[in-house]
Amino acid sequence: MSGPNFPNPIVRWIDHRLPIFTLMHHEMHEYPTPKNLNYWWNFGSLAGIVLVIMLVTGIVLSMHYTAHVDYAFQSVERIMRDVNYGWMIRYIHANGASFFFIVVYIHIFRGLYFGSYKAPRELLWILGVVILLLMMATAFMGYVLPWGQMSFWGATVITNLFSAIPGIGDWIVTLLWGGFSVDNPTLNRFYSLHYLLPFAIVGVVVLHIWALHRFGSNNPLGIDVRGKQDSIPFHPYYTIKDMFGLGVFLIIFSAVVFFMPNAMGHPDNYIPANPMVTPANIVPEWYFLPFYAILRAIPDKLLGVIAMFAAIGVLFILPWLDRSPVRSGTFRPIFKVFFWMLLADCVLLTYLGAKPPEGVYVILARIGTFYYFFHFLILLPALSIFETPKPLPRSISQPVLGSGAAAAAAAMPKENS
Amino acid sequence: MAESHAGANRRDFIQVASTTMGVVGAACVAWPLIDQMNPAADTLALLTTEFDISGVEEGMSVTIVWRGKPVFVRHRTEKEVEEARSVDLDDLPDPEVDADRTTNPKFLVMVGVCTHLGCVPLGQKATDPKGEWGGWFCPCHGSHYDTSGRIRKGPAPSNLSVPPHEYISDTVIRIG
């Protein structure tokens, strides 16, 4: 391997036997990255950093939490009142979950707009959808742990989704509960899985990055890197850009954690769980609302559950639904319009998921649900056939630096170690 | 033995046979690891609840706990029984005769868990909304149940379930 020449003899000694420093140099330092990435490309590394924040605060919280129906609520209150900095660590963890979803949803819509799911990045995209599913399972089980009213009834409603499966549904629900209702065995296993799944996410993230580095990042133009003049080394150019983005993110995150830590929570979860009384309006956390709206839009129980899971499932086959060879929405005049329609539709469904399922809300949720699937299943395949894309630039350098010839001369990347 | 088949030989057979045994073995090991999630012995030991209905006056409803779930016991009025019995079965999404749902027509005993997604329907207290058919109303997703606990309107697929129960004396029922 033509590795870099490390000055430190200890590093050289290790690297000769375990080339981990060479690997890091290849993948995090000289890793050639398109030079035209905009700020929407910050959210991948940002999601990774939030994952680390969640792991660290979660491991610390588990040192004080008690997974038992009689003690869980009090142990969380003890963290908030008595444990040193417990209030801060828990608020970081609880709001970190919301911010994790904000970052990841932006990351996903970035991929949708710039066609990052298209060949040769289909598997990279699919691994991302797997991460999203694991995040949802982890977030759901984490929300159950404080054992408040929303914890308990959220757990009841979500586990009951599986009872819609014909034949074996009830058997599966009993298996999930470890009893005949959501109770102590359920809380214990949710705690176990809530601790496990983040590490499964780390594993899939490694695969996600591995697949990313096979062909490198997509870019706002959606065209391939044609040579050295189109890329710059990851370090220091994108490390510093990611650090700047992280700074902006942390300002916003801190503002929420310290000044409005309960803004995205539900007050009913500060009432201890009561298996005999259902709160008047059960609402999941905001990041589940569009899926909850789809579930409730369909009057049939089984079909509602199927539609809700299909809303994620359709993302798995997205690379084969959108057959247009042009990746970036910048060069797809009609696709661009419908992209914003889809985003508006998702915002609408989020709003409707929080509303009671009656009257005009039900009708709007049905329209929104129909449009969501219409976009992916009808519109994207049709656009691949009927849309005439705008002409693509010849290379990444050309639109960045004016003429292609000047670009090649000017863009020789400087290797400053 | 398999050498007569084109392309397949004894080594292929051994590979298939040992892989199959490996899968069977893995399934046998997996089962205890899955079944440990099912209800444990102490959970199963709490499967019956006894309840004295003599204190439940006509028109009154009481909620008791069985298997960690609420069970509704309603002492129905003549009018409620009449309403439950006079329904045309064709009007019911999940047709069931009222007589099949009660041992003693005055006392309706059912699991108070909505068959949609498991919320506890309202209607036990005098001040609760009881839905359009005077029985129970689930606030989570808007299911209406009649005075026999049968689904009439909304997303729930079936009637509120009647747990196995029997009268062990004139006034005491055993549920489970």
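Residues numbered from 1 in each chain as written. Chains lettered and ligands numbered in written order. Predicted model: local features only at pLDDT ≥ 70, side-chain atom pairs only at ≥ 80, totals over all residues. Heavy atoms only, no water.

### Re the overall build of chain A
The line we're drawing: Numbered from the N terminus, helices here are DSSP runs of H or I no shorter than four residues, and strands are runs of E no shorter than two. The globule rule is 2.2 Å times the number of residues to the power 0.38, and the radius of gyration it is compared with is taken over C-alpha atoms. Only protein chains enter the accessibility calculation, which uses a 1.4 Å probe. A residue is then buried if its area is under 20% of the maximum for its type, exposed if over 50%, and partly exposed in between. Residue contacts follow a heavy-atom distance rule, with two residues in contact if any of their heavy atoms lie within 4.5 Å.
Helices and strands together make up the secondary structure of chain A, namely 17 helices and two strands. Radius of gyration (C-alpha) of chain A: 24 Å, near the 22 Å computed for a compact globule of 417 residues. Considered along the principal axes of its C-alpha atoms, chain A spans approximately 75 × 60 × 40 Å. Put simply, chain A has 417 residues, and 50% of those count as buried. For chain A, restricting intrachain contacts to residue pairs at least 6 apart in sequence, the fraction spanning at least 24 positions comes to 79%.

### Thoughts on the pattern of salt bridges
Where charged atoms of side chains with opposite charge meet at close range, the side chains can pair. Short version of the rule: When a carboxyl oxygen of Asp or Glu is within 4 Å of a side-chain nitrogen of Lys or Arg, the pair counts as a salt bridge.
A full pass over the atoms with the stated rule returns 17 salt bridges over all chains. In this structure, R74 of chain B and E80 of chain B form a salt bridge, with 3.3 Å as the shortest nitrogen-oxygen distance. Take R74 of chain B and E80 of chain B: they sit in the same class, and that class is buried. A salt bridge links R174 of chain B to E166 of chain B; the shortest N-O distance between them is 3.2 Å. For R174 of chain B, a relative accessible area of 29% translates into the label partly exposed. Residue classification places E166 of chain B among the partly exposed positions, given a relative accessible area of 42%. The network of salt bridges with common partners includes K118, D322, R332 and E387 of chain A.

### What to know about the domain arrangement of chain B
As a reminder, the rule being used: The split of the chain into domains comes from an automatic or database domain assignment.
According to the domain assignment, chain B contains domain 1 (1-38) and domain 2 (44-175). Taken over C-alpha atoms, the centre of domain 1 of chain B sits 50 Å from the centre of domain 2 of chain B.

### Digging into the layout of surface pockets
Residues and elements named next belong to chain A. Rules: Space inside and on the surface of the protein is sampled on a 1 Å grid over the protein atoms alone, with a cavity defined as a set of points where a 1.4 Å probe fits but cannot get out and a pocket as an open set with protein on both sides within 12 Å along at least 5 of 7 lines; lining residues have an atom within 4 Å of a point. Grid points are joined across faces, edges and corners, and a volume is the space filled by probe spheres set on the points. Charged means Asp, Glu, Lys or Arg here, nonpolar means Ala, Val, Leu, Ile, Met, Phe, Trp, Tyr, Cys or Pro, and polar covers whatever is left, Gly included.
The computed volume of the largest pocket comes to approximately 1500 Å³. What lines the largest pocket is a set of 50 residues, and nearest its centre among them are G44, S45, H208, I209 and L212. When contributions to the lining of the largest pocket are tallied by element, the ones reaching two or more residues are α2 (20-29), α3 (43-62), α5 (86-113), α6 (122-144), α9 (184-215) and α10 (234-259). Residue classes in the lining of the largest pocket are distributed as 30 nonpolar, 15 polar and five charged. Approximately 920 Å³ is the volume attributed to the second largest pocket. When contributions to the lining of the second largest pocket are tallied by element, the ones reaching two or more residues are α3, α4 (72-81), α5, α6 and α9. If you tally residues by element for the lining of the second largest pocket, the top one is α5, at nine residues. The residue makeup of the lining of the second largest pocket, split by class, is 28 nonpolar, twelve polar and two charged.

### Some words on the interface of chain A and chain B
Where we set the bar: Summed over both partners, the accessible area (1.4 Å probe) lost when two parts come together is defined as the buried area. For this analysis, a polar contact is any N or O atom pair within 3.5 Å, provided that within protein one partner can donate a hydrogen and the other can accept it, and provided that sequence-adjacent residues contribute only side-chain to side-chain pairs.
Across the boundary between the two partners, chain A contributes 26 residues, which contact 27 residues of chain B. Buried surface at the junction of chain A and chain B, summed over both partners, amounts to about 2200 Å²; 67% is from carbon and sulfur atoms. Interface area lost by chain A to chain B is led by F180, M276 and K301 of chain A, which between them contribute 33%. Between the two partners, chain A and chain B, sit zero salt bridges. Our enumeration of links across chain A and chain B arrives at nine residue pairs in polar contact (both at pLDDT 80 or more).

### A few points about a nonpolar patch on the surface
Here is the rule: Exposure above 30% relative accessible area and the lack of any salt bridge qualify a residue for a patch; like charges then connect within 9 Å, and the nonpolar side chains Val, Leu, Ile, Met, Phe, Trp and Tyr within 5 Å. Methods summary: accessible areas were calculated by the Shrake-Rupley approach with a probe of 1.4 Å, and residue burial reflects only the protein chains presented.
A contiguous nonpolar patch, built from I10, W13, I14, L18, I20, M24 and M28 of chain A and spanning about 700 Å² of accessible area, is present on the exposed surface. By the secondary structure assignment, I10 of chain A is in helix α1 (residues 9-17).

### A word on the environment of S61 of chain B
Residues and elements named next belong to chain B. In this structure, S61 sits in strand β2 (residues 61-66). Between the alpha carbons of S61 and W133 there is a distance of 16 Å; along the sequence they are 72 residues apart. The contact partners of S61, leaving out residues within four places of it in the chain, are V73, R74 and Q124.

### Re the nonpolar core
For clarity, the cut-off: We define the nonpolar core as a collection of buried residues of types Ala, Val, Leu, Ile, Met, Phe, Trp, Tyr and Cys that are connected through side-chain atoms lying within 4.5 Å of one another.
With 111 residues, the main nonpolar core has L112, W125, Y372 and F376 of chain A as its most contacted residues. No other element matches the 14 residues that α6 of chain A contributes to this core. Residue contacts for F376 of chain A: discarding those within four places in its chain leaves L112, V314, L315, L318, L321, L342 and P381 of chain A. Among the nonpolar cores identified, the runner-up in size contains 13 residues, and I53, V73, V109 and I175 of chain B belong to it.

### A word on empty space enclosed by the protein
Residues and elements named next belong to chain A. Taken as a whole and assessed by the stated rule, the structure comprises four cavities of 30 Å³ or more. By volume, the largest cavity amounts to about 130 Å³. Around the largest cavity sit 13 residues that line it, and F140, G154, I158, P284 and E285 are the ones nearest its centre. Looking at the lining of the largest cavity, the elements that each hand over two or more residues are α6 and α7 (149-160). In terms of residues, the lining of the largest cavity owes the most to one element, α7, which gives five residues. In this structure, the second largest cavity occupies an estimated 60 Å³ of space.

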